[in-house]
Amino acid sequence: MDRGKDVLLFNIIAFITVGIVAGAAIVPFIMLLVGSFQSESSILRYGYSLIPRTFDLGAYTFIFNQPGKIVRSYGITIFITVVGTVLSLFFSSMAAYVLARKDVKYRNPMAFYLFFTTLFSAGLVPYFMLIANYLMLRNTITILLLSGMFNVLYILILRTYIANSIPDSISESAKIDGADDFSIFIKIILPLLSPALASIGLFVALGYWNDWYTATLFITEEKLFPLQYTLYKILSSTTFAKQLLEGNGAVSTIELPQHTVKLALTVVATGPIVLVYPFVQRYFVAGLTLGSVKG
């Protein structure tokens, strides 16, 4: 078999495999989307399916009963996602650059200190006391930003990338030309870090977008609730009301969209990311391929 046929056969197998994987990933989401637009009784009677049997907006009407609350939560989440991701990438890459510099005297002990924190933790109670009683960050946007800003694993990945991909001679040449360390980092190192920053930035942004645990611990003012925590509160109130009605024997006369609310909440939470990702993907792919060598 010649090379042309080998490439063709490989492409056919690759496309079929990717198609199967893509189908396995998208079918559950389509089922979820279809289910969110069905009535509660239809879900309970027929289960989940790709073909809708009814059309009902009860779940979305229940969720957006107070639209101002959802819009405000969207604003909080978008703000902490954008600002938090930018700050996280900036400070993480700065720390990684310091750890990768061979002329920094205690870079290996500092790297070990950071790595040590991933193995051992003081626990939840000291963490809560530090944030609430000493730093006084309860009910502030700051704690929502700080909670996901630093990830030791990402810092170590960036350090390894800098050490293996960016020659020391670049920094030395810039120093000879009169540039200081901060200028070297901003004007030279950061642009060369684009592939790693594009990859890590996506995971950091998803972490901020999906974070609800921090709000559970430190946020009690409703005006500061992020989207995920707001949706969690809605689901909790629905479940509690359902149990209360069942306990009082009112379930036969009042129908709460409990199952469809779960589906609709997932659509509301993931919808913006799904819509934005196609526009961001080209920058993500460009970042991954930046600096590659053509063969």
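We now examine helix H8 (residues 152–165). Helix length check: H8, at 14 residues, gives a terminal C-alpha distance of 20 Å against a target of 20 Å (1.5 Å per residue), a fit within 8%. Every buried residue of H8 is accounted for by Val 152, Tyr 154, Ile 155, Leu 156, Leu 158 and Ile 162. Next to the buried residues of H8 lie helix H4 (67–100), helix H5 (107–119), helix H10 (181–192) and helix H11 (194–209). N-capping of H8 is provided by Asn 151, with a side-chain oxygen placed 3.0 Å from the backbone N of Leu 153.

Next up on the list: the packing of H4 against H8. One way to put it is that H4 packs onto H8 with a least axis distance of 8 Å and a crossing angle of 50°. The orientation of H4 with respect to H8, classified from their angle, is oblique. The element H4 and its partner H8 pack so that their crossing is right-handed. Between H4 and H8, the contacting residues are Ser 92, Ser 93, Ala 95, Ala 96, Tyr 97, Leu 99 and Ala 100 on the first element and Ile 155, Leu 158, Arg 159, Ile 162 and Ala 163 on the second. Here the residues of the contact of H4 with H8 sort into nine nonpolar, two polar and one charged.

All right, on to the nonpolar core then. A general trend in soluble globular proteins is that nonpolar side chains are found buried together. Counting 37 residues, the largest nonpolar core has Ile 143, Leu 158, Ile 162, Ile 189, Leu 193 and Ile 219 as its most contacted members. The set of elements that each furnish at least two residues to this core consists of H4, helix H7 (141–146), H8, H10, H11 and helix H12 (213–218). The dominant element in this core, judged by the number of residues it contributes, is H4, at seven residues. Setting aside its immediate chain neighbours within four residues, Ile 143 contacts Tyr 127, Ile 131, Leu 137, Thr 214, Phe 218 and Ile 219. If you look at the next biggest cluster of nonpolar residues, it comprises 17 residues, including Ala 59, Ile 70, Leu 231 and Val 267.

Rules and cut-offs
- Residues numbered from 1 in each chain as written.
- Predicted model: local features only at pLDDT ≥ 70, side-chain atom pairs only at ≥ 80, totals over all residues.
- Heavy atoms only, no water.
- Helix = DSSP H or I, 4+ residues; strand = E, 2+ residues; numbered from the N terminus.
- Expected span 1.5 Å × (residues − 1).
- Buried < 20%, exposed > 50% of the residue type's maximum accessible area, 1.4 Å probe, protein only.
- Contact = heavy atoms within 4.5 Å.
- Polar contact = N/O pair within 3.5 Å; in protein donor to acceptor, adjacent residues only side chain to side chain.
- Axes fitted to C-alpha atoms, helices over the stretch in contact; angles between N-to-C directions.
- Parallel < 35°, antiparallel > 145°, perpendicular 65-115°, else oblique.
- Left-handed = near helix turned anticlockwise from the far one by under 90°.
- Nonpolar A, V, L, I, M, F, W, Y, C, P; charged D, E, K, R; others polar.
- Core = buried A, V, L, I, M, F, W, Y, C linked by side-chain atoms within 4.5 Å.

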